[in-house]
Amino acid sequence: MNKPVFPEEIVRDMTEWRRDIHRHPETAFEEERTARIVAGLLESWGIEVHRGLARTGVVGTLKVGSSPRCIGLRADLDALDLEEMTNVPWSSTIRGKMHACGHDGHTAMLLGAARYLAETRRFDGTVRFIFQPAEENVAGGRRMIEDGLFELFPVDAVYGMHNMPGLPVGEFAIRKGPLMAAADFFRLKITGRGGHGAFPHESRDPIVAAAQIVSAWQGIVSRNTDPMKAAVISVTRIHGGETGNVIPEEVELAGTTRSFEPAVQDMIEERMRITAEGIALACGVAAELEYERRYCATINSERETEVAVKTAAALVGRGQVNADTPPVMGAEDFGWMLRERPGAFIFIGNGTEKGGCMIHNPHYDFNDDILPLGAAYWCRLVEGQLGKG
Ligand code: NI
């Protein structure tokens, strides 16, 4: 990119905010400092601010002109429980916590856009700047909706953005329909009767039952799921037993499932339960399944995806925007917002070498080179959708 896409002064500020937030990572629903900085900056530009939605969430409202049209832009505030190993000068100052998903960059880009839009005011309508807490693990976006996000702050459409390592700087990727998966989490408790390892007939062995259940669950993906549709069942934890000659009383399994369609999600939960209970019955043990639907699928609506593609293409050229990127099995709590309102979630390239390290890795760092591009995308989206006349 030769010509600057965003005012240099704001780019300098965004870099500073990003690195400051990076130094002080805060995890789920504890984003007090980050939220204070965000709210203070928005107010300093004359943007109306609501604090404390979903505990640490912040919503800024900027109304210009008289049009009733209204658009929501969303960024996430939270960091991860991870020990940073980047050695950059702005490394985390808090042990065991780091911004390893680039939410520091997402927050800085949306702040940059807010400042630009508040200063230039070249649109007619209302923009909501949604800074949500706790994207990781506990779905703070869902909590915002439960706490009345769209009743308190109505929008016609809502847009989100995430950096993507491995996608070159200056490129965007998106698709209509399912982009990211629904993520469910489960726990299965198998209770048998403990005993001596040499006298299995005197016990009801929960380990043999657990082994059969893990294997049988894999058959749900291969035998019950339409081969043209995608699903994952991963058992990620097995706990049971203490020593070599004792059959334990109890085994616990836990893990995650991924899917894109509600019908597939329903089928997975139902089949997992029936399979576990059936095998437990055959083995003479009891099985109790807890199944939580924590993240719904992130499904982009058609019109808003076209808007996002057009906006990104105007910025970087149509050839740099992949409008049919393959869906991924990762999950995003922006999916909950898209269940309530039409909208689109887009990936912005974080780079290949610099910025190429995968997210959730202790060596990851958000690439500051993309700050102007992300902020410019937001501003063009607003000026395009809330155009004057
Ligand atoms: Ni993330």
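Residues numbered from 1 in each chain as written. Predicted model: local features only at pLDDT ≥ 70, side-chain atom pairs only at ≥ 80, totals over all residues. Heavy atoms only, no water.

Engineer: How do you make sense of the coordination of the nickel ion when you look at a structure like this?
Structural biologist: Note on metal geometry: ideal angles are 109.5 degrees for four donors arranged tetrahedrally and 90 or 180 degrees for six donors arranged octahedrally. Note on the nickel ion: its protein donors are Cys-101 (SG), His-103 (NE2) and His-162 (NE2). The metal-donor distances range over 2.1 to 2.2 Å. Here the donor residues for the nickel ion map to a single chain with the spacing C-x1-H-x58-H. On the criterion of sequence distance, the pair formed by His-103 in helix 3 (residues 103-120) and His-162 in strand 5 (residues 157-165) is long-range, its members being 59 residues apart. Each member of the pair, His-103 together with His-162, is buried. (Donors = N, O, S within 2.8 Å, 3.2 Å for Na, K, Ca; no water. Helix = DSSP H or I, 4+ residues; strand = E, 2+ residues; numbered from the N terminus. Buried < 20%, exposed > 50% of the residue type's maximum accessible area, 1.4 Å probe, protein only.)

Engineer: Please clarify how the nonpolar core should be interpreted in this entry.
Structural biologist: Across soluble globular proteins, you tend to see nonpolar side chains buried next to one another. Judged by nonpolar contacts, the single largest core of 62 residues is most densely connected at Leu-42, Leu-73, Phe-129, Phe-131, Tyr-159, Phe-172 and Tyr-377. Setting aside anything within four residues of it in sequence, one finds Leu-42 in contact with Ile-47, Val-49, Val-58, Gly-60, Leu-111, Ala-114 and Phe-131. The next biggest cluster of nonpolar side chains, apart from the first, holds 28 residues, and it includes Met-180, Cys-296, Trp-336 and Met-337. (Core = buried A, V, L, I, M, F, W, Y, C linked by side-chain atoms within 4.5 Å. Contact = heavy atoms within 4.5 Å.)

Engineer: Mind showing me how you'd approach the pairing of strand 8 (residues 182-191) here?
Structural biologist: Side-chain direction in a regular strand flips from residue to residue, so the side chains alternate between the two faces of the sheet. The sheet contact formed by strand 8 and strand 12 (residues 250-259) spans ten bridges and is antiparallel. From the neighbouring strand, Ile-190 faces strand 12, where its bridge partner is Val-251. (Pairing = 2+ DSSP bridges.)

Engineer: When you look at the packing of helix 3 against helix 10 (residues 371-385) in this model, what are you seeing that I'm missing?
Structural biologist: For any two helices packed against each other, the geometry comes down to the angle between their axes and how far apart the axes lie. At a minimum axis distance of 8 Å, the contact between helix 3 and helix 10 shows a crossing angle of 45°. Taken together, the axis directions place helix 3 and helix 10 in an arrangement best described as oblique. Relative to helix 10, the crossing made by helix 3 is right-handed. Seen from helix 3, the contacting residues are Gly-105, Ala-108, Met-109, Leu-110, Ala-113, Tyr-116, Leu-117 and Thr-120; seen from helix 10, they are Leu-371, Gly-374, Ala-375, Trp-378, Cys-379, Val-382 and Glu-383. In terms of residue class, the contact of helix 3 with helix 10 is built from eleven nonpolar, three polar and one charged. (Axes fitted to C-alpha atoms, helices over the stretch in contact; angles between N-to-C directions. Parallel < 35°, antiparallel > 145°, perpendicular 65-115°, else oblique. Left-handed = near helix turned anticlockwise from the far one by under 90°. Nonpolar A, V, L, I, M, F, W, Y, C, P; charged D, E, K, R; others polar.)

Engineer: Sorry, what's going on with the domain arrangement of the chain here?
Structural biologist: Accessible area lost upon the coming together of the parts is a frequently used measure of interface size. When cut into domains, the chain gives domain 1 (8-181 + 297-385) and domain 2 (182-295). A C-alpha centroid distance of 37 Å is found between domain 1 and domain 2. The partner domain 2 presents eleven residues to the 20 residues of domain 1 that form the contact. Between domain 1 and domain 2 the total buried area reaches about 1100 Å² when both faces are included, carbon and sulfur atoms providing 63% of it. (Domains from an automatic or database assignment. Buried area = accessible area lost by both parts, 1.4 Å probe.)

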